[in-house]
Amino acid sequence: MAETKEKSLSNEKPKPRVRPIVRLGIFLISHSFHVSVVCCTAGVLALFLLPVLAKNTYISENALMPGSASPMLSNQHVSDGNRLVKDLTNPNSKSSETGIESHKIIAQYMLDLGAEVSFHKFHPQMNQFHPLHFFSSPDSGKIQENYSCSSYGINTVGIIRAPRGDGKEAIVLVTPYNALKSGFGEALSLGIAYSVFSLLTQVTWLAKDIIWLVADSQYGEYAAVAAWLREYQTPKFSSLSTPNAEMCPVVNNLFELKGHSISGSKFSNSFRRAGTMAAALVLKVRDQNEQFEDTISIYAEASNGQMPNLDLINVVNYLAVHRQGLRVNVEKLWSLLNSSWLKSLGEIFESLAKVAKSLYPKWKFGIPATEYVEGTATLASSLYYQALGVPTGPHGAFRDYQVDAITLEISPKFSLDKVWRNDILLRGGRLIEGVIRSVNNLLEKFHQSFFLYLLTSPSKFVSVGVYMIAFALLIAPLPMVAASLYVDANSSSNCSKGDSSTPSAITDTDEHSIAIRSWRWLNSAKLVFIVHLWGAIVSLLPYFISQIPDCSPTTSFMIWVLLSILSLLTLNSVLASPLACAKATQEKEWALVKSVTISSVFIGLGLMSVINFATAEIGALLMVPMCLLAQPLKLDVRAGTLRSFCRMICNLVLGHIAFPPAAFFLLKGMLDGFGSANVGDFWMWVESLWAWNSATYLFIGMVQLPCWVLCISILFHTC
């Protein structure tokens with residue numbers, strides 16, 4: 001007997017030990033509610049702590065060496081720039097209806113310096129929605145078919161060849177200029193650029209070619225720069241470069257005049273190119289005056305939240321503040337500056353910092369409340385413009401070709417009379433000279449500093465390693481809650497058909513029913529797929545609505561809504577919603593739908609964070625609470641507890657806020673006032689998103705809207 005017992009014990013297999021990571025997963029799933037509350041609270045708190053955690057900017061690339069050399073721009077160069085300003089503001093230069101005289105003056109000044117000059121003619125392109133444009137190259141615009149001579153734009157381009165360069169690299173300086181209705185500020189920006197251009201033709205340290213692009217902004221600043229870049233990067237051999245003289249005699253007269261009047265000059269009818277672009281600066285001067293001091297505003301956001309290398313902004317900020325005495329400004333959400341609750345939150349963080357410093361003096365934590373409010377307003381603006389995915393200036397065209405570029409807008413303190421005009425020309429010219437000199441020192445492209453960052457001030461930033469913490473905390477509960485709902489839905493529906501006291505007696509029928517129940521989530525996955533397919537259809541509808549002639553934004557929006565509802569009903573009837581079929585038979589079907597919905601939202605937010613983090617962050621703030629709290633309202637009404645009542649109120653509020661048009665009107669009302677909101681404004685906003693190929697439009701149509709519809713269906717589920 002003893003031997004048989006020993007043999008039986010030896011034949012028994014030892015139970016496998018559960019790994020610690022599995023135990024942790026089981027613990028998190030079983031306590032998913034508490035984990036969700038902690039993670040979401042920590043994620044929102046981390047988002048508000050970002051201005052406190054911001055670091056001072058620093059220049060990572062040692063080769064830049066901003067301010068290491070004394071500026072060479074002199075009063076003589078300023079006088080040269082003043083002459084150009086006077087000639088451009090002369091009424092005679094604007095006598096022509098096409099602005100040809102102004103282009104001739106600018107080209108002549110460039111030629112006098114010995115630069116290579118050419119004209120680039122382009123047609124304005126229609127910003128028309130097309131679904132395939134989201135996946136195409138930057139050269140995806142559509143040229144107007146019925147163009148005329150008056151629809152031409154003319155860019156004037158001057159190139160200085162570097163005496164110490166090999167022609168493989170170049171720096172671009174852009175000055176938008178509308179010859180038909182230019183202000184004094186545009187002429188002054190050309191004067192600053194010309195003073196720098198005249199200096200660079202004389203220096204010996206230049207190692208990169210300099211391209212000065214005078215962009216014809218009569219059809220938009222971005223359109224002119226983008227057209228030139230398309231020709232520069234992807235040349236096209238068509239009849240547009242050499243138009244028919246009979247068709248456009250006025251435009252061709254510009255070419256013929258320059259070719260005959262200047263013998264042996266460096267003027268060319270063909271498109272001129274230099275090397276690979278190392279960086280680009282867009283220079284503008286505002287006609288309005290600042291009240292306190294001379295200010296320079298930096299605009300850096302490009303399409304889909306792309307940002308230039310932070311070192312480029314740091315060089316401009318350092319030279320402007322420490323060398324030229326200019327106040328550097330970045331965009332803020334001004335409505336937040338007067339927010340009382342934000343000021344109170346800043347005071348709380350300031351008090352906590354004092355307590356922390358008293359406990360440990362070396363711990364430098366916290367900033368003054370006023371600085372916190374300004375930092376939050378700047379951070380919110382940076383998030384907002386990155387999330388829009390629309391460039392904040394013509395510099396955005398360069399980022400489509402991976403060229404680091406920013407727009408600099410100078411706002412003078414006083415009116416631009418002769419004395420202050422010379423001062424702005426000198427200080428602005430020396431600033432541009434210093435930036436060009438720093439970029440000229442680079443032996444390779446910008447790569448040392450950050451490309452993913454958020455600004456809280458011109459001299460403070462939040463890196464990707466810090467702001468991703470807030471986003472990770474917000475979406476961390478999603479997979480755990482999805483797993484918990486799946487386990488709960490399957491376990492609660494396992495009703496035994498036989499004697500529950502004999503669980504070991506499992507028949508083939510029982511095994512078959514268990515297998516069916518384990519794959520029941522496919523019905524919910526089918527529903528989620530149908531709703532996301534509907535979201536894709538809704539995203540494509542504006543392409544057809546935009547073809548309707550003479551349709552106002554309000555009418556287009558109403559047609560869009562009606563077609564969206566009709567398409568949803570059609571899909572529901574044709575593909576037979578699984579939720580409707582399972583209502584009467586399975587109580588917990590809504591839990592499976594919620595589980596699959598949360599999983600799809602988690603995937604969508606994760607993918608969007610790679611494309612545009614700001615959109616993913618704002619989307620997580622709207623969608624994660626709605627997904628986690630979604631529960632049939634009937635269950636909360638039956639419960640009758642205070643907790644269920646609060647959850648029901650939160651679900652109704654979040655259901656209104658997370659609806660894309662409602663979220664838009666709420667944000668517009670907070671920024672501009674609710675009295676100015678109009679139904680057609682949402683269509684115009686969406687139209688601007690698709691015109692700029694913003695990925696935010698696809699996120700709203702294919703992730704946020706389907707998520708909202710699924711959560712609403714869960715709320716009104718008949719249990």
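Cut-off values and rules
- Residues numbered from 1 in each chain as written.
- Predicted model: local features only at pLDDT ≥ 70, side-chain atom pairs only at ≥ 80, totals over all residues.
- Heavy atoms only, no water.
- Helix = DSSP H or I, 4+ residues; strand = E, 2+ residues; numbered from the N terminus.
- Expected span 1.5 Å × (residues − 1).
- Buried < 20%, exposed > 50% of the residue type's maximum accessible area, 1.4 Å probe, protein only.
- Disulfide = S-S within 2.5 Å.
- Polar contact = N/O pair within 3.5 Å; in protein donor to acceptor, adjacent residues only side chain to side chain.
- Contact = heavy atoms within 4.5 Å.
- Core = buried A, V, L, I, M, F, W, Y, C linked by side-chain atoms within 4.5 Å.
- Pairing = 2+ DSSP bridges.
- Axes fitted to C-alpha atoms, helices over the stretch in contact; angles between N-to-C directions.
- pLDDT = per-residue confidence, 0-100.
- Salt bridge = Lys/Arg side-chain N within 4 Å of Asp/Glu carboxyl O.
- UniProt positions renumbered as here; feature names shortened; annotations may be inferred.
- Parallel < 35°, antiparallel > 145°, perpendicular 65-115°, else oblique.
- Left-handed = near helix turned anticlockwise from the far one by under 90°.
- Phe/Tyr/Trp six-rings, centres within 6.5 Å; stacked < 30°, edge-to-face > 60°.
- Lys NZ or Arg CZ within 6 Å of the ring centre and 35° of its normal.
- Patch = residues over 30% accessible without salt bridge, like charges linked within 9 Å, V, L, I, M, F, W, Y side chains within 5 Å.
- Areas by Shrake-Rupley, 256 points an atom, 1.4 Å probe, with all protein chains shown as cover.

As named in an unreviewed UniProt entry, the chain is Glycosylphosphatidylinositol anchor attachment 1 protein, taken from Gossypium lobatum.

Below, the discussion takes up helix H7 (residues 184-200). Given 3.6 residues per turn, any residue in an α-helix points the same way as the ones three and four places further on. Along its 17 residues, H7 runs 24 Å from first to last C-alpha, staying within 8% of the 24 Å computed at 1.5 Å per residue. A large share of H7 lies buried, amounting to 16 of its 17 residues.

This part takes up the state of the cysteines. With the rule as written, the count across this model stands at zero disulfides. Considering cysteine sulfurs only, Cys-707 is the nearest to Cys-627, which forms no disulfide, with 3.3 Å between them. Looking at Cys-627, the relative accessible area reads 1%, which means it is buried. Free of any disulfide, Cys-646 has its nearest cysteine sulfur in Cys-650, 6.7 Å distant. According to the relative accessible area criterion, Cys-646 is partly exposed, its value standing at 40%.

What follows covers the side chain of Glu-116. Here Glu-116 shows up in strand S2 (residues 116-122). Only 3.0 Å separates the side chain of Glu-116 from the side chain of Arg-161, close enough to count as a polar contact. When sequence neighbours within four positions are dropped, the list of residues in contact with Glu-116 reads Val-157, Gly-158, Ile-159, Arg-161, Lys-266 and Arg-272.

A few words on the nonpolar core. In terms of nonpolar packing, the biggest core is built from 75 residues, with Leu-200, Trp-212, Ile-406, Val-435 and Val-439 touching the most fellow members. When residues in this core are grouped by element, the largest group, 10 residues, is from H7. If we skip the residues at most four places from it in the chain, Leu-200 touches Ile-160, Trp-205, Leu-206, Ile-210 and Ile-436. Within the second largest apolar cluster, 73 residues are counted, among which are Met-608, Ala-658, Leu-689 and Ile-714.

On to the sheet that holds strand S13 (residues 453-457). Strand order in the open sheet formed by three strands is S1-S14-S13, with antiparallel pairing between adjacent strands. Only two strands of the sheet have a single neighbouring strand rather than two, namely strand S1 (55-56) and S13. On top of the sheet, helix H12 (residues 369-388) reaches S13 and strand S14 (460-463); it is set at about 145 degrees to S13, its chief contact.

Moving on, we get to the confidence of the model for the chain. Averaged over all residues, the pLDDT of the chain equals 82, while 80% of them reach at least 70. Residue range residues 238-247 is modelled with pLDDT below 50. Its contacts to residues more than four positions away, or to other chains, number 10 contacts. Segment residues 256-264: pLDDT under 50, and nine contacts once partners within four positions in sequence are set aside and those in other chains are kept.

For the rest of this paragraph, the subject is the environment of Ala-193. By the secondary structure assignment, Ala-193 is in helix H7. Residue classification places Ala-193 among the buried residues on the basis of a relative accessible area of 0%. Leave out the neighbours within four places in its chain, and Ala-193 touches Leu-173, Thr-175, Trp-212 and Leu-283.

Going through the model one piece at a time under the given rule, you end up with 12 salt bridges. Between Lys-104 and Glu-101 there is a salt bridge, and its shortest N-O distance comes to 3.7 Å. With Lys-104 and Glu-101 both in helix H6 (residues 100-112), this residue pair falls three residues apart, about one helical turn. Residue classification places Glu-101 among the partly exposed positions, given a relative accessible area of 31%. Salt-bridge contacts for Asp-636 lead to Arg-647; the nearest nitrogen and oxygen are separated by 2.9 Å. A residue pair is termed long-range when its members are at least 10 positions apart, and Asp-636 in helix H23 (residues 633-639) and Arg-647 in helix H24 (residues 642-657) qualify at 11 residues. The buried category is assigned to Asp-636, whose relative accessible area is 3%. With relative accessibility at 21%, the residue Arg-647 sits in the partly exposed group.

With that settled, the discussion passes to the sheet that holds strand S7 (residues 209-216). One open sheet accounts for nine strands, arranged S8-S2-S5-S7-S6-S9-S12-S10-S11; its pairing is mixed. Only two strands of the sheet have a single partner each, and these edge strands are strand S8 (267-268) and strand S11 (327-329). Sheet strands touched by H7: strand S5 (153-160), strand S6 (169-177), S7, strand S9 (276-285) and strand S12 (405-411). Its angle to S9, the strand with the most contacts, is close to 140 degrees. Sheet strands touched by helix H8 (residues 221-233): S2, S5, S6, S7 and S9. Its angle to S7, the strand with the most contacts, is close to 135 degrees.

A few words on the UniProt feature "transmembrane region" (unreviewed entry) in the chain. Within this structure's numbering, the places UniProt gives as "transmembrane region" (unreviewed entry) are residues 21-50, 464-487, 527-545, 557-579, 591-612, 618-637, 649-671 and 691-716. Secondary structure across residues 591-612 comprises 95% helix and 0% strand; the distance between its end C-alpha atoms is 31 Å. Secondary structure over residues 618-637 splits into 85% helix and 0% strand, and the C-alpha atoms at its two ends are 31 Å apart.

This next bit is on the packing of helix H22 (residues 613-629) against helix H27 (residues 695-715). It is at 11 Å that the axes of H22 and H27 come closest, and there the two elements cross at 5 degrees. The orientation of H22 with respect to H27, classified from their angle, is roughly parallel. Along the contact surface, H22 presents Thr-615, Gly-619, Leu-622, Met-623, Met-626 and Cys-627, while H27 presents Thr-696, Phe-699, Val-703, Gln-704, Cys-707, Trp-708 and Cys-711.

As a further point, take the packing of helix H18 (residues 521-545) against helix H21 (residues 589-611). Contact geometry for H18 and H21: axes closest at 9 Å, N-to-C directions at 55 degrees. Judged by the angle between their axes, H18 and H21 are oblique. The two elements H18 and H21 cross, and the hand of that crossing is right-handed. Two secondary-structure elements touch here, H18 through Trp-521, Asn-523, Ser-524, Ala-525, Leu-527, Val-528 and His-532 and H21 through Glu-589, Leu-592, Val-593, Val-596, Thr-597 and Ser-600.

A few words on the packing of aromatic side chains. By the definition in use, this model includes 25 aromatic pairs. On the numbers, 5.0 Å between centres and 45 degrees between planes, the contact of Trp-228 with Tyr-232 is tilted. Separated by four residues within a single helix, Trp-228 and Tyr-232 lie in helix H8, roughly one turn from each other. This pair shows no difference in class: Trp-228 is buried, exactly as Tyr-232 is. Put simply, the rings of Phe-557, Trp-560, Phe-664, Phe-665, Phe-682, Trp-683, Trp-685, Trp-690 and Tyr-697 touch in pairs and so form one group of aromatic residues. The lysine or arginine in question, Arg-437, covers the ring of Trp-205, its NZ or CZ lying 4.4 Å from the ring centre.

Among the surface-exposed residues, Leu-642, Phe-645, Ile-649, Leu-652, Val-653, Ile-657, Leu-666 and Met-670 lie close enough to one another that they form a single nonpolar patch of about 710 Å² accessible area. Elements represented by at least two residues in the nonpolar patch include exactly H24 and helix H25 (660-672). Looking at the nonpolar patch, the element that brings in the most residues is H24, giving six residues. For Leu-652, the location among the structural elements is in helix H24.

Quick look at unusual backbone geometry now. Here the phi dihedral of Gln-402 falls at roughly 60 degrees; this positive angle occurs in a residue that is not glycine. Positionally, Gln-402 belongs in the loop between helix H13 (396-399) and S12. In this model, Asp-550 sits at a positive phi of 55 degrees, which is unusual for a non-glycine residue. With respect to the helices and strands, Asp-550 occurs in the loop between H18 and helix H19 (553-575).

So, on to the side chain of Ser-297. Checked against the element boundaries, Ser-297 lands in strand S10 (residues 295-299). Ser-297 sits in the buried class, given a relative accessible area of 6%. Filtering out sequence-adjacent residues up to four positions away, Ser-297 remains in contact with Asn-329, Thr-407, Leu-408 and Glu-409.

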